[in-house]
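Examining the three-dimensional arrangement
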Amino acid sequence: MTGPDPARRVGSVCGVPAVAARPVAGGDICDAYRVELADGDVVFVKTLAGAPADFFAAEAAGLELLRATDTVPVPRVLAATADLLALEWIEPAAPSAAQAERLGRELAALHATPAPHYGGRGPLYLGPLRLGGPQSPATAPADWPAFHAEHRLLPALRLAVDNGGIAAADRRAVETLCERLAEVAGPPQPPAVIHGDLWSGNVLWTAGERAHLIDPAAQGGHPEVDLALLEGFGCPHFDRLIAAYQEVRPLPGRAARAPLHLLHPMLVHAALFGGGYGARSGALARAALRSGGG
C-alpha cells in the first residue's frame, strides 16, 4: 500500500485506531490486509496503487446491490474511498457440500431478482477493466444478444487483439459468434441481478453456515454467466451446487450454452494475461456455435 501504512489508514477511515495489519491473499489485482482495530473488530482491506477514483466505490455499490436482494450473503461495507475498500472480516474455512447446496438455492433466488436493464447502474469493473454499456438502456429479453456482443464480447476481443493475446483464427471465431449470437443464445432472458464475476475465487467459504460472495461486478445480466464462471473455474462441489440451483430454477440446455457464457471472462483473461487464454476463447466460441443454443 502506498502512503500511510494500512493500519493507520484504515484507522482513519473507520474512526477506530488500528493496532495491527498483516497481508492476506487478495486476488491478482489488489493488495489485501487483515487489520485489527483497537475495539477488537477485524477488518478486511483492499488497496490498489493507481486505481481509478471510482474503482472501490463501484465494488462497494455492487456488494450493496447484492445485499439489497436479500438472497446471498456478502461482507458488510465499512468504508470505500479512492484508495481502499474496508469490509467486515469473514472467517474463511474449507469448502463444504452443505454450503455449496445452500449457495445454489441462494443463487437461484438472486437470479430471480429482476434488474431494470442489462449492465450496471453506475461504474462497473471486471478486474481492472471498466465495462461499458449502451447510451439507451437495453431492457427487453430480446436485447441481450446484441448487448452482450456489442458491450461485452467485442470490446474485450479488441483489447485482446491489441495486446497480442489472441490469434487471428480465434479472433475470427469470436467475431462469427457475435454475428450469430441471437441464433445460439437460447431462450430469451430478461435482465436479472447477477454477481458478474463469480469465478470460484469470489466464493468465500466460511466457518459459518453460508458461503459469502465477494468482489462482484454486480449488474443486470444473464444468470448463466455466473454459473458458467463457477463451473469453468473449478468451483468446489459444483455438482451439488448446480443440482440444488436447478431444483429451484430449472435451466434446460444450460450445459450446452456454458461455452457462450464463459467466453467474455476468458476474453478478458486473454486481454490481461495472454498465454493460452486466447486459444481457449476461440475454442469456446466454436463450441458455442456448434451448440445451437442448447
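It should be noted that the structure appears before, not after, this text.
Now for a description of the structure that goes with this document.

Here is what the cut-offs are and how they apply
- Residues numbered from 1 in each chain as written.
- Predicted model: local features only at pLDDT ≥ 70, side-chain atom pairs only at ≥ 80, totals over all residues.
- Heavy atoms only, no water.
- Helix = DSSP H or I, 4+ residues; strand = E, 2+ residues; numbered from the N terminus.
- Buried < 20%, exposed > 50% of the residue type's maximum accessible area, 1.4 Å probe, protein only.
- Contact = heavy atoms within 4.5 Å.
- Phe/Tyr/Trp six-rings, centres within 6.5 Å; stacked < 30°, edge-to-face > 60°.
- Lys NZ or Arg CZ within 6 Å of the ring centre and 35° of its normal.
- Pairing = 2+ DSSP bridges.
- Axes fitted to C-alpha atoms, helices over the stretch in contact; angles between N-to-C directions.
- Parallel < 35°, antiparallel > 145°, perpendicular 65-115°, else oblique.
- Nonpolar A, V, L, I, M, F, W, Y, C, P; charged D, E, K, R; others polar.
- Salt bridge = Lys/Arg side-chain N within 4 Å of Asp/Glu carboxyl O.

A few words on the environment of Ile-194. Tracing the chain through its elements places Ile-194 in strand β8 (residues 192–194). A relative accessible area of 3% places Ile-194 in the buried class. Sequence separation between Ile-194 and Pro-92 is 102 residues; the distance between their C-alpha atoms is 23 Å. Setting aside chain neighbours within four positions, we find Ile-194 in contact with Leu-66, Leu-110, His-111, Ala-218, Gln-219, Gly-221, His-222, Pro-223 and Asp-226.

Bringing the packing of aromatic side chains into the picture now. Tallying each qualifying case throughout the model produces six aromatic pairs. For the ring pair Trp-199 and Phe-233, a centre distance of 6.3 Å and an interplane angle of 75° mean the geometry is edge-to-face. Of this pair, Trp-199 sits in the loop between β8 and β9 (203–204) while Phe-233 sits in the loop between α7 (223–232) and α8 (238–248), and the two are 34 residues apart along the sequence. By relative accessible area, Trp-199 is classed as partly exposed at 34%. Following the ring pairs from residue to residue traces out a cluster consisting of Phe-55, Phe-56 and Tyr-125. Here the guanidinium or amino end of Arg-34 rests over the ring plane of Trp-89, the centre of that ring lying 5.2 Å away.

Glancing now at the sheet that holds strand β3 (residues 42–47). If you trace the five strands from one edge of the open sheet to the other, you get β1-β2-β3-β5-β4, paired in antiparallel fashion. One side of each edge strand has no neighbouring strand; the edge strands of this open sheet are β1 (18–24) and β4 (77–80). Taken over all neighbouring pairs, the strand axes of this sheet differ in orientation by 20° on average, direction set aside. Bridge analysis of β1 against strand β2 (residues 31–37) gives six bridges, and the strand direction is antiparallel. Opposite Val-24, over in β2, you have Ala-32 as the bridge partner. Contacting β3, β4 and β5 (84–88), helix α2 (residues 55–68) runs over the sheet at an angle of about 155° to β4.

A few words on the packing of α7 against helix α9 (residues 254–273). Interaxial distance between α7 and α9 falls to 8 Å at its minimum, and their mutual angle equals 85°. Classified by the angle their axes make, α7 and α9 are roughly perpendicular. The residues of α9 that touch α7, namely those facing Glu-224, Val-225, Leu-227, Ala-228, Leu-229, Glu-231 and Gly-232, are Arg-254, Arg-257, Ala-258, His-261, Leu-262 and Pro-265. In terms of residue class, the contact of α7 with α9 is made up of seven nonpolar, two polar and four charged.

Before going further, it helps to spend a moment on the pairing of β4. In the sheet, β4 pairs with β5 via three bridges, with the strands oriented antiparallel. Pairing of Ala-80 across the sheet is with Leu-85, part of β5. Taken together, β4 and the strand that follows it, β5, pair antiparallel across an intervening segment of three residues.

The phi angle at Asp-70 is positive, at roughly 55°, despite the residue not being glycine. Its location among the elements puts Asp-70 in the loop between α2 and β4. Owing to a relative accessible area of 72%, Asp-70 belongs among the exposed residues under this scheme. Look at Asp-215: it is not a glycine, yet its phi comes out positive at around 55°. The topology assignment puts Asp-215 in the loop between β10 (212–213) and β11 (219–221).

Within the structure shown, the criterion is met by 14 salt bridges. Note that Asp-215 and Lys-46 form a salt bridge whose closest N and O atoms lie 3.0 Å from each other. Taken together, the residues span a long stretch of sequence, with Asp-215 in the loop between β10 and β11 and Lys-46 in strand β3 at a distance of 169 residues. The exposure class assigned to Lys-46 is buried, which follows from its relative accessible area of 6%. Residue Arg-210 is joined to Glu-106 by a salt bridge in which the shortest nitrogen-to-oxygen separation is 2.7 Å. With Arg-210 in the loop between β9 and β10 and Glu-106 in helix α3 (residues 97–111), the pair connects residues that are 104 residues apart, well separated along the chain. Its relative accessible area of 28% is what places Arg-210 among the partly exposed residues. Members of the salt-bridge network, linked through shared partners, are Arg-102, Glu-106, Glu-209 and Arg-210.

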